[in-house]
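# Breakdown of the fold
Read off the chains here:
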Amino acid sequence: MRKLLIFSTVLLTLISMLYSCQTAEKVEQDAYYVNGRDIYIAQCQNCHGEKGEGLAELSPPITDTVWMKKNRSLLACIIKHGYATPVTIHGKVYEGKMPDFNMADIDLTQIIVYVTNTFGHKQGKYTTEQVAKDLQNCK
Amino acid sequence: MRDTKAIKNSDGSAGVDTVYQTIPAFKLLNQDSVYITNEHFKNKIYIADFFFTSCNTICPIMHRNLKKIYGKFADNPDVMFLSHTIDFKYDTPSRLKTYARKLGVDGPKWQFVYGPKDTVYGLATKSYLVSVEADSTDKQGYVHQGYLVLIDKDRRIRGAYDGTNPEQVAQLEKDIPVLLAEDKK
């Protein structure tokens, strides 16, 4: 009985630790999303639009879920260093020039969490560690 | 922008009249490398602004908004558009052409014009009353205001609206038919 009590206490502690860890992470990701939305409105919306619809042929929409899934690990580089390679979005080729944004890793993470979880995307969490790693592979 | 002056009414009593700023004669190269002048806007009202094709801050917002108005008046030949580039180094007519095509408005109704720095900056600051400046400390090299300036058939400024402000753009959209109706009288 005593053993069982200890066992279940330990188990309960472990579960609650895991749980609070998960909620802490969720809280953090939610904060990233909200801050990322602020960054989007201030820095990206002029070109990419309120609903991510883009601006005619000048700026592509950022609503292509297939492209976004495939290229999530490129986003940090694209945003930090700008981008001028033609991109095919929803089957249409765009040849523009995306400006560079000298952002800290944390801001890059927040904007990435936002753009990969809004406008029809649902890619879940992203971390500053992943961003730091992505940035090492910029072309 | 709008000034008043004291006048004598026809009955001899005193009154005030509005004095509007007038746009002088100009001659500028458009996106088809053709010179255009005020003649192009004769008997039309037009909306003028100052921008540059590589501007990545306020210009996309101004032109996103202006394009909506362009769409609303697409079938009205009395309404025209005139965008002046302030990037005298880079924005040649062919760049303007590409920009117009990409914005989806390449046609005679919306003119994109290029001119020497002094000409365009003079028009902006002295005639349309929009502040523009080449500024080497700015990341993009230019600082300018995002006004959309409404000009009547007599080349007079009848309103200036912040092209990045949705309420002011909505007001511009409402003021256009009013001005058109006034000219019909």
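Our subject is the structure listed above.
Residues numbered from 1 in each chain as written. Chains lettered and ligands numbered in written order. Predicted model: local features only at pLDDT ≥ 70, side-chain atom pairs only at ≥ 80, totals over all residues. Heavy atoms only, no water.

## Some thoughts on the pattern of salt bridges
The condition that has to hold: In what follows, salt bridge is the name for a side-chain nitrogen of Lys or Arg lying within 4 Å of a carboxyl oxygen of Asp or Glu. Only DSSP runs of H or I reaching four residues or more are called helices, and only runs of E reaching two or more are called strands; each is numbered from the N terminus.
Tallying each qualifying case throughout the model produces 11 salt bridges over all chains. Between Asp100 of chain A and Lys139 of chain B there is a salt bridge, with its nearest N and O atoms 3.6 Å apart. Placement of Asp100 of chain A in the loop between β2 (92-94) and α4 (105-115) and of Lys139 of chain B in the loop between β8 (132-134) and β9 (142-144) is noted, with the two residues assigned to different chains. A salt bridge links Arg156 of chain B to Asp152 of chain B; its shortest N-O distance comes to 3.0 Å.

## Some thoughts on the interface of chain B and chain A
Defined as follows: When checking whether two residues touch, look at their non-hydrogen atoms; a contact exists if any pair is within 4.5 Å. By buried area we mean how much accessible surface two parts lose on assembly, using a 1.4 Å probe and totalling the loss over both. Whenever a nitrogen or oxygen atom comes within 3.5 Å of another N or O atom, the pair is scored as a polar contact, on the condition that within protein one atom can donate a hydrogen and the other can accept it, and that pairs from neighbouring residues in sequence are kept only if both atoms are in side chains. Under the convention adopted here, Pro, Cys and the residues Ala, Val, Leu, Ile, Met, Phe, Trp and Tyr are nonpolar, Asp, Glu, Lys and Arg are charged, and Gly plus all remaining residues are polar.
Counting residues at the interface gives 11 residues for chain B and 15 residues for chain A. Buried surface at the junction of chain B and chain A, summed over both partners, amounts to about 1000 Å²; 53% is from carbon and sulfur atoms. Summed over the three residues of chain B that lose the most area to chain A, namely Asn56, Arg64 and Lys102 of chain B, the buried surface amounts to 56% of that side. The interface formed by chain B and chain A includes nine residue pairs in polar contact (both at pLDDT 80 or more). Mapped by element, the contributors of at least two residues to the side of chain B that touches chain A are α1 (59-72) and α2 (93-103) of chain B. Split by residue class, the side of chain B that touches chain A holds four nonpolar, two polar and five charged.

## Topic: the state of the cysteines
The following threshold applies: What counts as a disulfide here is a pair of cysteine sulfur atoms lying within 2.5 Å. Think of it in three bands: residues with accessible area under 20% of the maximum for their type are buried, residues over 50% are exposed, and the middle band is partly exposed, with areas taken using a 1.4 Å probe on protein chains only.
Enumeration according to the criterion identifies two disulfides over all chains in this entry. Here Cys77 of chain A pairs with Cys138 of chain A through a disulfide, and the sulfurs are 1.9 Å apart. Judged by the torsion about the S-S bond (-95 degrees), the Cys77 of chain A/Cys138 of chain A disulfide is left-handed. Placement of the pair is Cys77 of chain A in helix α3 (residues 75-81) and Cys138 of chain A in the segment after α5 (128-136), with a sequence separation of 61 residues. Given a relative accessible area of 11%, Cys77 of chain A falls into the buried group. A disulfide bridge connects Cys55 of chain B with Cys59 of chain B, and the sulfur atoms are separated by 2.2 Å. Of note, the bridge from Cys55 of chain B to Cys59 of chain B carries an S-S torsion of about 95 degrees and is right-handed in sense. For the pair shown, Cys55 of chain B and Cys59 of chain B are each scored as buried. No disulfide involves Cys44 of chain A; its sulfur sits 8.7 Å from the nearest other cysteine sulfur, which is in Cys47 of chain A.

## Describing unusual backbone geometry
Residues and elements named next belong to chain B. Of note in this structure, Ser33 is not a glycine but carries a positive phi near 60 degrees. For Ser33, the location among the structural elements is in the loop between β3 (27-30) and β4 (35-37). On the accessibility criterion, Ser33 (48% relative accessible area) is partly exposed. Phi at Arg155 takes a positive value of approximately 60 degrees, unusual for a residue other than glycine. Secondary-structure assignment places Arg155 in the loop between β10 (147-151) and β11 (157-162).

## Some thoughts on helix α3 (residues 117-128) of chain B
Residues and elements named next belong to chain B. Filter applied, for reference: Given a helix with a known number of residues, its expected span is that number minus one, times 1.5 Å.
Taking 1.5 Å of rise per residue, 12 residues should cover 16 Å, and α3 covers 15 Å from first to last C-alpha, within 8% of that figure. Those residues of α3 lying buried are Val120, Tyr121, Gly122, Leu123, Ala124, Ser127 and Tyr128. Backbone geometry just after α3 places Leu129 at a positive phi near 60 degrees.

## Quick word on the sheet that holds β11 of chain B
Neighbouring strands of a sheet are bound in pairs by backbone hydrogen bonds; such pairs are parallel or else antiparallel. Residue and element names in this part refer to chain B. Put simply, the rule is: Pairing between strands requires that DSSP locate at least two bridges from one strand to the other. Axes here refer to lines fitted to C-alpha atoms; in helices the fit is confined to the stretch in contact. Angles between the N-to-C directions go from 0 to 180 degrees.
Ordered in space as β4-β3-β7-β6-β5-β10-β11, the seven strands form an open sheet in which the pairing is mixed. Where the open sheet ends on each side, the last strands, each with one partner, are β4 and β11. Within the sheet, the average angular offset between the axes of one strand and its neighbour, ignoring direction, is 35 degrees. Bridge count between β10 and β11: five bridges; the pairing is antiparallel. Directly across from Leu150, in β11, lies its bridge partner Gly159. Set on the sheet, α1 makes contact with β5 (45-51), β6 (79-85), β7 (110-114) and β10; between it and β5 the angle comes to about 165 degrees. Running over the sheet, α2 touches β3, β5, β6 and β7 and is turned about 155 degrees from β7.

Distances and angles like these do not, on their own, reveal function.
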